[in-house]
Amino acid sequence: VPWREATAAAGLAPATSGIYGEQRSDTVTESAIYGEVSLNLTDSLSLSAGTRLFQYRFDTRSSVEEGAGIRSCAGADVDMGFSPEVVVGCGPSPTGILYAEAAGRYRGGGFNTSGRLGQTFDGSVDQVVREYRPDTIWNYEVGAKLKSADGAFRLRAAAFFDRWRDLQSDQFQT
(Lines give C-alpha, C1' and ligand atoms only; values in the text may rest on other atoms or scores of the structure.)
Protein backbone atom coordinates (compact mmCIF):
# COMPACT_ATOMS: atom_id res chain seq x y z
CA VAL A 1 0.00 0.00 0.00
CA PRO A 2 1.63 3.26 -1.08
CA TRP A 3 -0.02 5.39 1.59
CA ARG A 4 -0.27 5.23 5.36
CA GLU A 5 -1.55 7.61 7.99
CA ALA A 6 -0.22 7.83 11.52
CA THR A 7 -1.56 9.62 14.54
CA ALA A 8 1.94 10.43 15.76
CA ALA A 9 4.58 11.84 13.45
CA ALA A 10 5.76 10.98 9.96
CA GLY A 11 9.21 12.37 10.67
CA LEU A 12 8.08 16.01 10.50
CA ALA A 13 7.46 18.49 13.25
CA PRO A 14 3.86 19.70 13.47
CA ALA A 15 2.89 22.76 11.48
CA THR A 16 2.62 26.19 13.05
CA SER A 17 0.39 26.56 16.10
CA GLY A 18 -2.18 28.71 14.24
CA ILE A 19 -5.70 27.74 13.22
CA TYR A 20 -4.51 25.66 10.24
CA GLY A 21 -1.07 24.81 8.95
CA GLU A 22 0.79 22.14 7.03
CA GLN A 23 4.43 21.21 6.92
CA ARG A 24 5.18 19.01 3.90
CA SER A 25 8.23 17.38 2.37
CA ASP A 26 8.23 15.97 -1.19
CA THR A 27 11.10 14.04 -2.74
CA VAL A 28 11.02 13.19 -6.45
CA THR A 29 13.61 11.03 -8.20
CA GLU A 30 13.38 10.51 -11.94
CA SER A 31 15.56 8.30 -14.12
CA ALA A 32 15.27 8.19 -17.89
CA ILE A 33 16.87 7.12 -21.14
CA TYR A 34 16.18 8.62 -24.55
CA GLY A 35 16.74 7.30 -28.03
CA GLU A 36 16.01 8.69 -31.50
CA VAL A 37 16.27 7.37 -35.03
CA SER A 38 16.28 9.62 -38.11
CA LEU A 39 15.87 8.59 -41.72
CA ASN A 40 16.15 10.62 -44.92
CA LEU A 41 13.32 9.20 -47.04
CA THR A 42 14.21 11.37 -50.05
CA ASP A 43 16.51 14.36 -50.64
CA SER A 44 13.86 16.65 -49.18
CA LEU A 45 11.79 14.40 -46.84
CA SER A 46 12.93 13.13 -43.44
CA LEU A 47 11.40 11.11 -40.62
CA SER A 48 12.54 11.06 -36.99
CA ALA A 49 11.13 8.95 -34.17
CA GLY A 50 12.20 8.82 -30.56
CA THR A 51 11.06 7.80 -27.13
CA ARG A 52 11.95 8.55 -23.56
CA LEU A 53 11.65 5.65 -21.11
CA PHE A 54 11.37 6.80 -17.51
CA GLN A 55 10.88 5.81 -13.90
CA TYR A 56 9.37 8.43 -11.60
CA ARG A 57 9.54 7.90 -7.80
CA PHE A 58 7.80 10.21 -5.38
CA ASP A 59 7.80 10.28 -1.59
CA THR A 60 5.60 12.62 0.46
CA ARG A 61 5.52 13.33 4.18
CA SER A 62 3.06 15.77 5.71
CA SER A 63 1.94 17.05 9.08
CA VAL A 64 -1.33 19.04 9.17
CA GLU A 65 -2.36 20.93 12.29
CA GLU A 66 -5.85 22.30 12.80
CA GLY A 67 -6.67 23.68 16.22
CA ALA A 68 -5.47 21.08 18.76
CA GLY A 69 -5.55 18.17 16.26
CA ILE A 70 -2.74 16.82 14.10
CA ARG A 71 -2.83 14.50 11.07
CA SER A 72 0.54 13.09 10.00
CA CYS A 73 0.84 11.22 6.72
CA ALA A 74 3.54 9.50 4.67
CA GLY A 75 3.42 7.83 1.27
CA ALA A 76 5.58 6.74 -1.65
CA ASP A 77 4.95 5.29 -5.12
CA VAL A 78 6.64 4.63 -8.46
CA ASP A 79 5.39 5.26 -12.01
CA MET A 80 7.07 3.98 -15.16
CA GLY A 81 6.32 4.73 -18.79
CA PHE A 82 7.47 6.20 -22.07
CA SER A 83 7.01 9.45 -23.99
CA PRO A 84 7.10 8.97 -27.79
CA GLU A 85 7.80 11.59 -30.46
CA VAL A 86 7.55 11.53 -34.27
CA VAL A 87 8.65 14.34 -36.63
CA VAL A 88 8.26 14.53 -40.42
CA GLY A 89 10.29 17.25 -42.13
CA CYS A 90 10.15 18.53 -45.68
CA GLY A 91 13.07 20.72 -46.73
CA PRO A 92 12.12 22.23 -50.10
CA SER A 93 15.51 23.98 -50.26
CA PRO A 94 18.57 24.73 -48.12
CA THR A 95 16.77 27.90 -47.00
CA GLY A 96 13.84 26.27 -45.24
CA ILE A 97 11.99 23.35 -43.76
CA LEU A 98 8.35 22.53 -43.14
CA TYR A 99 7.59 20.04 -40.38
CA ALA A 100 4.85 18.17 -38.52
CA GLU A 101 5.33 16.68 -35.08
CA ALA A 102 3.36 14.54 -32.63
CA ALA A 103 4.69 14.00 -29.10
CA GLY A 104 3.38 12.44 -25.90
CA ARG A 105 4.37 13.91 -22.53
CA TYR A 106 3.87 12.92 -18.89
CA ARG A 107 3.63 14.61 -15.49
CA GLY A 108 3.95 12.42 -12.41
CA GLY A 109 1.29 11.78 -9.79
CA GLY A 110 1.46 12.37 -6.06
CA PHE A 111 -0.52 12.62 -2.84
CA ASN A 112 -3.17 15.02 -1.58
CA THR A 113 -2.41 15.92 2.02
CA SER A 114 -3.99 19.34 2.66
CA GLY A 115 -7.48 19.82 3.98
CA ARG A 116 -9.45 19.79 7.19
CA LEU A 117 -8.68 17.04 9.69
CA GLY A 118 -12.03 15.32 9.08
CA GLN A 119 -11.35 14.92 5.37
CA THR A 120 -11.45 11.23 4.38
CA PHE A 121 -9.66 11.33 0.98
CA ASP A 122 -11.89 8.46 -0.20
CA GLY A 123 -13.15 10.01 -3.46
CA SER A 124 -16.76 10.17 -2.27
CA VAL A 125 -18.94 13.26 -2.80
CA ASP A 126 -17.03 16.39 -1.75
CA GLN A 127 -13.87 14.34 -1.08
CA VAL A 128 -10.70 14.04 -3.14
CA VAL A 129 -8.71 10.82 -3.36
CA ARG A 130 -5.49 10.51 -1.36
CA GLU A 131 -3.24 9.49 -4.28
CA TYR A 132 -3.66 11.18 -7.65
CA ARG A 133 -2.48 9.59 -10.85
CA PRO A 134 -0.21 11.13 -13.48
CA ASP A 135 -1.59 13.29 -16.26
CA THR A 136 -0.57 13.07 -19.92
CA ILE A 137 -0.54 15.43 -22.85
CA TRP A 138 -0.31 14.84 -26.58
CA ASN A 139 1.07 17.76 -28.56
CA TYR A 140 0.51 18.13 -32.32
CA GLU A 141 2.48 20.81 -34.14
CA VAL A 142 3.04 22.00 -37.71
CA GLY A 143 5.49 24.72 -38.61
CA ALA A 144 8.02 26.30 -40.91
CA LYS A 145 11.60 27.53 -40.50
CA LEU A 146 12.60 29.72 -43.43
CA LYS A 147 15.42 32.14 -44.28
CA SER A 148 16.39 34.20 -47.29
CA ALA A 149 19.21 32.97 -49.52
CA ASP A 150 21.58 35.59 -48.10
CA GLY A 151 20.51 34.84 -44.50
CA ALA A 152 19.37 38.42 -43.82
CA PHE A 153 15.73 37.43 -43.22
CA ARG A 154 14.48 34.56 -41.02
CA LEU A 155 10.96 33.37 -40.30
CA ARG A 156 9.86 30.74 -37.80
CA ALA A 157 6.17 29.99 -37.38
CA ALA A 158 4.19 27.16 -35.81
CA ALA A 159 0.67 26.16 -34.91
CA PHE A 160 -0.10 23.54 -32.32
CA PHE A 161 -2.90 21.68 -30.59
CA ASP A 162 -2.66 19.96 -27.18
CA ARG A 163 -4.85 17.15 -25.84
CA TRP A 164 -4.47 16.92 -22.06
CA ARG A 165 -5.91 13.94 -20.14
CA ASP A 166 -6.44 13.47 -16.40
CA LEU A 167 -5.39 17.06 -15.70
CA GLN A 168 -4.13 17.59 -12.16
CA SER A 169 -5.29 20.59 -10.19
CA ASP A 170 -4.88 21.82 -6.64
CA GLN A 171 -8.03 21.56 -4.54
CA PHE A 172 -8.66 22.43 -0.93
CA GLN A 173 -11.89 21.08 0.51
CA THR A 174 -13.46 23.14 3.29
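Residues numbered from 1 in each chain as written. Predicted model: local features only at pLDDT ≥ 70, side-chain atom pairs only at ≥ 80, totals over all residues. Heavy atoms only, no water.

Caption draft 1: Expanded view of the overall build of the chain. Counting its regular elements, the chain contains zero helices and nine strands. Within the chain, buried positions represent 28% of all 174 residues. Long-range contacts, defined as pairs at least 24 residues apart, comprise 63% of the intrachain contacts of the chain with a sequence gap of at least 6. Only carbon and sulfur atoms are counted for the fraction: they give 56% of the accessible area of the chain, which is about 11,100 Å². (Helix = DSSP H or I, 4+ residues; strand = E, 2+ residues; numbered from the N terminus. Buried < 20%, exposed > 50% of the residue type's maximum accessible area, 1.4 Å probe, protein only. Contact = heavy atoms within 4.5 Å. Areas by Shrake-Rupley, 256 points an atom, 1.4 Å probe, with all protein chains shown as cover.)

Caption draft 2: Up close: the confidence of the model for the chain. Of all residues in the chain, 86% have pLDDT values of 70 or greater, and the mean over the chain is 85. In this model residues 6-10 is a low-confidence stretch, pLDDT under 50, and it forms eight contacts with partners more than four residues away in sequence or in other chains. (pLDDT = per-residue confidence, 0-100.)

Caption draft 3: Representation of a nonpolar patch on the surface in the model. Together, Leu 39, Leu 41, Leu 47, Val 86 and Val 88 make up a nonpolar patch on the protein surface, roughly 380 Å² of accessible area in all. Structurally, Val 86 is set in strand β4 (residues 69-93). With a relative accessible area of 39%, Val 86 lands in the partly exposed category. (Patch = residues over 30% accessible without salt bridge, like charges linked within 9 Å, V, L, I, M, F, W, Y side chains within 5 Å. Salt bridge = Lys/Arg side-chain N within 4 Å of Asp/Glu carboxyl O.)

Caption draft 4: Local environment of unusual backbone geometry. Phi is positive for Phe 121, which is not a glycine, with a value near 55°. Position of Phe 121 relative to the elements: it lies in the loop between β6 (110-111) and β7 (131-132).

Caption draft 5: Spatial organisation of the packing of aromatic side chains. On inspection of all chains with the given rule, the structure shows six aromatic pairs. Geometrically, the ring pair formed by Phe 58 and Phe 111 is tilted, given 5.5 Å between the ring centres and 55° between the ring planes. Pair noted here: Phe 58 is in strand β3 (residues 45-66) and Phe 111 is in strand β6, with a separation of 53 residues, a long-range link. Residue class for Phe 58 comes out buried when judged on its relative accessible area of 4%. Take Phe 111: its relative accessible area is 1%, and that puts it in the buried class. Ring geometry for Trp 138 and Tyr 140: centres 6.3 Å apart, planes at 20°, overall stacked. On the basis of relative accessibility, which here comes to 34%, the residue Trp 138 falls in the partly exposed class. Clustering of aromatic rings is evident, with ring pairs tying together Phe 54, Tyr 56, Phe 58, Tyr 106 and Phe 111. Looking at Arg 130, its charged tip hangs above the ring of Phe 121, at a distance of 3.6 Å from the centre. Across from the ring centre of Tyr 99, 5.6 Å away, lies the NZ or CZ of Lys 145, which sits over that ring. (Phe/Tyr/Trp six-rings, centres within 6.5 Å; stacked < 30°, edge-to-face > 60°. Lys NZ or Arg CZ within 6 Å of the ring centre and 35° of its normal.)

Caption draft 6: The environment of Gln 55, seen in detail. Here Gln 55 is to be found in strand β3. As a C-alpha pair, Gln 55 and Ala 32 span 23 residues in sequence and 6.4 Å in three-dimensional space. Among residues more than four places away in sequence, those in contact with Gln 55 are Thr 29, Glu 30, Ser 31, Val 78, Asp 79 and Met 80.

Caption draft 7: Structural view of the environment of Tyr 99. Position of Tyr 99 among the secondary structure elements: in strand β5 (residues 96-107). Relative accessible area serves as the criterion here: at 15%, Tyr 99 is assigned to the buried category. On a C-alpha basis, the gap between Tyr 99 and Gly 143 in space is 5.4 Å, while along the polypeptide they are 44 residues apart. For Tyr 99, the contacting residues outside a window of four places in its chain are Val 87, Val 88, Gly 89, Glu 141, Val 142, Gly 143, Ala 144, Lys 145, Ala 157 and Ala 158. A polar contact is formed between the side chain of Tyr 99 and the side chain of Glu 141, at a distance of 2.6 Å. (Polar contact = N/O pair within 3.5 Å; in protein donor to acceptor, adjacent residues only side chain to side chain.)

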